[in-house]
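# Summary of the model geometry
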Amino acid sequence: MASENNRIATIDGWGVTPGAPEVVRFLEGPQRRADELLRALRIFFEFLRGFRALHFAGPCVTFSARHVSA
């Protein structure tokens, strides 16, 4: 919360728990190059596994609708 002087006020309990390990690792900044590469490969293989699953699903149709109010 900010006061009228645009100073940042403390919030009780803020930052008490470190959060999920992925979030903590992200906030620590750049990691070793090998760790970054392994993370990228893991994401790539998740995409690959998903595309392979869709390949065996057969022909499909997707509908998308969006309501726009005037």
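In this text the structure is predicted, and so the values were computed from the model without any measurement. (Residues numbered from 1 in each chain as written. Predicted model: local features only at pLDDT ≥ 70, side-chain atom pairs only at ≥ 80, totals over all residues. Heavy atoms only, no water.)

On to the environment of glutamate 36, then. Relative to the elements of secondary structure, glutamate 36 occurs in helix α2 (residues 33–55). Apart from the residues within four sequence positions on either side, glutamate 36 is in contact with Pro30 and Gln31. (Helix = DSSP H or I, 4+ residues; strand = E, 2+ residues; numbered from the N terminus. Contact = heavy atoms within 4.5 Å.)

Another point: a nonpolar patch on the surface. On the surface, Leu37, Leu38, Leu41, Phe44, Phe45 and Leu48 cluster together into a nonpolar patch covering about 580 Å² of accessible area. Here leucine 37 shows up in helix α2. According to the relative accessible area criterion, leucine 37 is exposed, its value standing at 52%. (Patch = residues over 30% accessible without salt bridge, like charges linked within 9 Å, V, L, I, M, F, W, Y side chains within 5 Å. Areas by Shrake-Rupley, 256 points an atom, 1.4 Å probe, with all protein chains shown as cover. Salt bridge = Lys/Arg side-chain N within 4 Å of Asp/Glu carboxyl O. Buried < 20%, exposed > 50% of the residue type's maximum accessible area, 1.4 Å probe, protein only.)

Next up on the list: the pattern of salt bridges. A side chain of one charge can pair with a side chain of the opposite charge if their charged atoms are brought near each other. Applying the stated criterion across every chain yields a total of two salt bridges. For arginine 32, the salt bridge is made with aspartate 35, and the minimal N-O distance between the two is 3.5 Å. In this structure aspartate 35 comes out as partly exposed when scored by relative accessible area, which is 28%. Where arginine 39 meets glutamate 36, a salt bridge forms, and the shortest distance between an N and an O atom there is 3.8 Å. Here glutamate 36 and arginine 39 lie together in helix α2, a separation of three residues that amounts to about one turn. Taking the relative accessible area as the measure of exposure, glutamate 36 reaches 36% and is therefore partly exposed.

For the structure shown, the criterion picks out two aromatic pairs. Taken together, a centroid distance of 5.3 Å and an interplanar angle of 65° make the contact between phenylalanine 44 and phenylalanine 45 edge-to-face. On the basis of an interplanar angle of 20° and a centroid distance of 6.4 Å, the ring pair of phenylalanine 47 and phenylalanine 51 is categorised as stacked. With phenylalanine 47 and phenylalanine 51 both in helix α2 and four residues apart, the pair spans about one turn of that helix. Neither phenylalanine 47 nor phenylalanine 51 differs from the other in exposure class; each is exposed. (Phe/Tyr/Trp six-rings, centres within 6.5 Å; stacked < 30°, edge-to-face > 60°.)

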